[in-house]
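# Close look at the chain arrangement
Chain by chain, the residues run as shown.
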Amino acid sequence: MAINALHATAIKAFRDRLASLGINPVEVIETASLGREATASAQSPPTVHEVLEAAVAMSGDTTLAIKIGNGLDLAGYGTYGFALMSSSDMGAALELFLRYGQTFLHSSSWHRSVNKDGMILRLQQNTVTSYQKMLVTELAFSQMHLASKLLVARPAEGIRVHFSYPKPAHFGVYEQNWPLTMEFDQEHTQIFMPDQWLR
């Protein structure tokens, strides 16, 4: 899979999802570009973090990142999406994701650590504001949860999520969308998946 082609596919899926929610992706990108700090390069396009922040501000919907992530169809990711849906188990799908699926969030990355009980995926985000980190976390976790529901036909028992930010005012939406054990104000944003759930 070509990384540049996958990145373009991910961008298209993201724009299509914005449009399906009644948000003009071109206006959002223009607004994000205009709102950039003076230190940001005028030549580079706005980051996903900046676009998400602009989309939330324009829509007035603080839960928008979750709605976007919940509606990003794996089929919209072309060959990568088909490969994910064809994975034999969640562990195999995560291997594909760690290899190819990180192309969309250039200023973020997932780091994996494995122990005898399971796997921890830690989301590392650089050079962004705390608010932007929260929005991207909501997008990433809602998309990951949606994919896991499609790939794993059993409850998410034993999965624990840590967020590095305080409990948001819209925490009720977290509870509705992610029936998981969640803790806030933690050192890292990460998700623990037990070994039996990965296989």
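This text goes with the structure placed above it.
So, a few notes on the structure that sits alongside this text. (Residues numbered from 1 in each chain as written. Predicted model: local features only at pLDDT ≥ 70, side-chain atom pairs only at ≥ 80, totals over all residues. Heavy atoms only, no water.)

## Re the pairing of strand 1 (residues 108–115)
- The pairing of strand 1 with strand 2 (residues 118–125) spans 8 bridges and is classified as antiparallel. Opposite Ser 109, over in strand 2, you have Gln 124 as the bridge partner.
- Counting the residues that bridge the hairpin from strand 1 to strand 2 gives 2 residues. (Pairing = 2+ DSSP bridges. Helix = DSSP H or I, 4+ residues; strand = E, 2+ residues; numbered from the N terminus.)

## Description of the sheet that holds strand 2
- Overall, mixed pairing links the 5 strands, which are arranged 1-2-5-3-4 in an open sheet. Edge positions in the sheet fall to strand 1 and strand 4 (181–183), since each has one partner strand and no second. Across the sheet, the mean angle separating the axes of adjacent strands is 15° when strand polarity is ignored.
- Sheet analysis places strand 3 (residues 160–162) next to strand 4, joined by 3 bridges and oriented parallel. Paired with Arg 160 across the bridge in strand 4 is Thr 181.
- Contacting strand 1, strand 2, strand 3 and strand 5 (189–194), helix 7 (residues 130–151) runs over the sheet at an angle of about 145° to strand 2. (Axes fitted to C-alpha atoms, helices over the stretch in contact; angles between N-to-C directions. Contact = heavy atoms within 4.5 Å.)

## A few points about the packing of aromatic side chains
- Within this structure, the stated rule accounts for 13 aromatic pairs.
- Note on Phe 171 and Phe 184: the rings are 5.5 Å apart at their centroids and 85° apart in plane angle, and the pair reads as edge-to-face. Pair noted here: Phe 171 is in helix 8 (residues 171–177) and Phe 184 is in the loop between strand 4 and strand 5, with a separation of 13 residues, a long-range link. In terms of burial, Phe 171 and Phe 184 fall into one category: buried.
- Both rings, one in Tyr 174 and one in Phe 184, keep their centres 5.8 Å apart while their planes meet at 50°; by these two values the pair is tilted. One end of the pair, Tyr 174, is in helix 8; the other, Phe 184, is in the loop between strand 4 and strand 5, with 10 residues separating them in the sequence. Both residues of the pair, Tyr 174 and Phe 184, count as buried.
- Grouped by ring-pair contacts, the aromatic residues Phe 97, Trp 110, Phe 141, Phe 163, Tyr 165, Phe 171, Tyr 174, Trp 178 and Phe 184 constitute a single cluster.
- If you follow Lys 167 out to its NZ or CZ, it ends over the ring of Phe 171, 4.5 Å from the centre. (Phe/Tyr/Trp six-rings, centres within 6.5 Å; stacked < 30°, edge-to-face > 60°. Buried < 20%, exposed > 50% of the residue type's maximum accessible area, 1.4 Å probe, protein only. Lys NZ or Arg CZ within 6 Å of the ring centre and 35° of its normal.)

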